[in-house]
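Summary of structural features
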Amino acid sequence: MLKSNQKMGARELKANYQIDNNTKVLGTGAFGKVYLTYNKAKPDFQVAIKVLSKIKLKDNLEAILEEVEILTKLDHPNIVKYYETYFDDRYIYILTEYIGGGELFDKIAS
């Protein structure tokens, strides 16, 4: 199910993106966290990294992989742009466009 723009492993992810203990957490959910970081080769290129625990996903793992498959096909100005996915034994790392301004739900509620 891996596509050509998907890579394997956290090692490659950390080689390409700045990730350490100071990486900003944008949000936390039932299956993991979302972080804000940037590409080491292009520091002005910020991304959101959704880090999902495979153990917590359990039966939802296939649904997440289907979501990634759909995201690879979408290109619309009103949809967050998908960049790539990395995998290791414990986590799935989904990289998307970073859009600042807070939570969409909070904007809708206000």
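Scroll up to find the structure.
To keep things clear, this report deals only with the structure shown in the data block. Just so it is clear, the structure is predicted and the values come from calculations on it, not from any experiment.

Taken together, the side chains of Ile-70, Leu-74 and Ile-79 present a nonpolar region at the surface, about 250 Å² in accessible area. Tracing the backbone shows Leu-74 in the loop between α3 (61–71) and β5 (82–87). Looking at Leu-74, the relative accessible area reads 40%, which means it is partly exposed.

With that settled, consider the environment of Gly-27. With respect to the element layout, Gly-27 can be found in strand β2 (residues 24–28). When the C-alpha atoms of Gly-27 and Ala-109 are compared, they prove to be 18 Å apart, with 82 residues separating the residues in sequence. The residues touching Gly-27, leaving out its near neighbours within four places in the chain, are Lys-33 and Val-34.

The biggest cluster of nonpolar side chains holds ten residues, and these are Leu-52, Leu-57, Ile-64, Leu-65, Val-68, Leu-71, Tyr-82, Phe-87, Ile-92 and Ile-94. When residues of this core are traced back to their parent elements, those giving at least two are α3, β5 and β6 (91–97). Ranked by the residues each element gives to this core, the list is headed by α3, at four residues. Counting residues in hydrophobic clusters, the runner-up holds nine residues, among them Val-47, Ile-49, Val-51 and Leu-95.

What follows deals with the pattern of salt bridges. Taken as a whole, this structure holds three salt bridges when the rule is applied. Put simply, Glu-67 and Lys-50 hold a salt bridge, and the shortest N to O gap is 3.7 Å. With a gap of 17 residues between them, Glu-67 in helix α3 and Lys-50 in strand β4 (residues 46–53) connect regions that are remote in the sequence. When its relative accessible area of 31% is taken as the criterion, Lys-50 is described as partly exposed. With its nearest N and O atoms 3.8 Å apart, the salt bridge here joins Glu-69 to Lys-73.

So, how was this worked out
Residues numbered from 1 in each chain as written. Predicted model: local features only at pLDDT ≥ 70, side-chain atom pairs only at ≥ 80, totals over all residues. Heavy atoms only, no water. Patch = residues over 30% accessible without salt bridge, like charges linked within 9 Å, V, L, I, M, F, W, Y side chains within 5 Å. Areas by Shrake-Rupley, 256 points an atom, 1.4 Å probe, with all protein chains shown as cover. Salt bridge = Lys/Arg side-chain N within 4 Å of Asp/Glu carboxyl O. Helix = DSSP H or I, 4+ residues; strand = E, 2+ residues; numbered from the N terminus. Buried < 20%, exposed > 50% of the residue type's maximum accessible area, 1.4 Å probe, protein only. Contact = heavy atoms within 4.5 Å. Core = buried A, V, L, I, M, F, W, Y, C linked by side-chain atoms within 4.5 Å.

That's the geometry; what it means functionally is another story.
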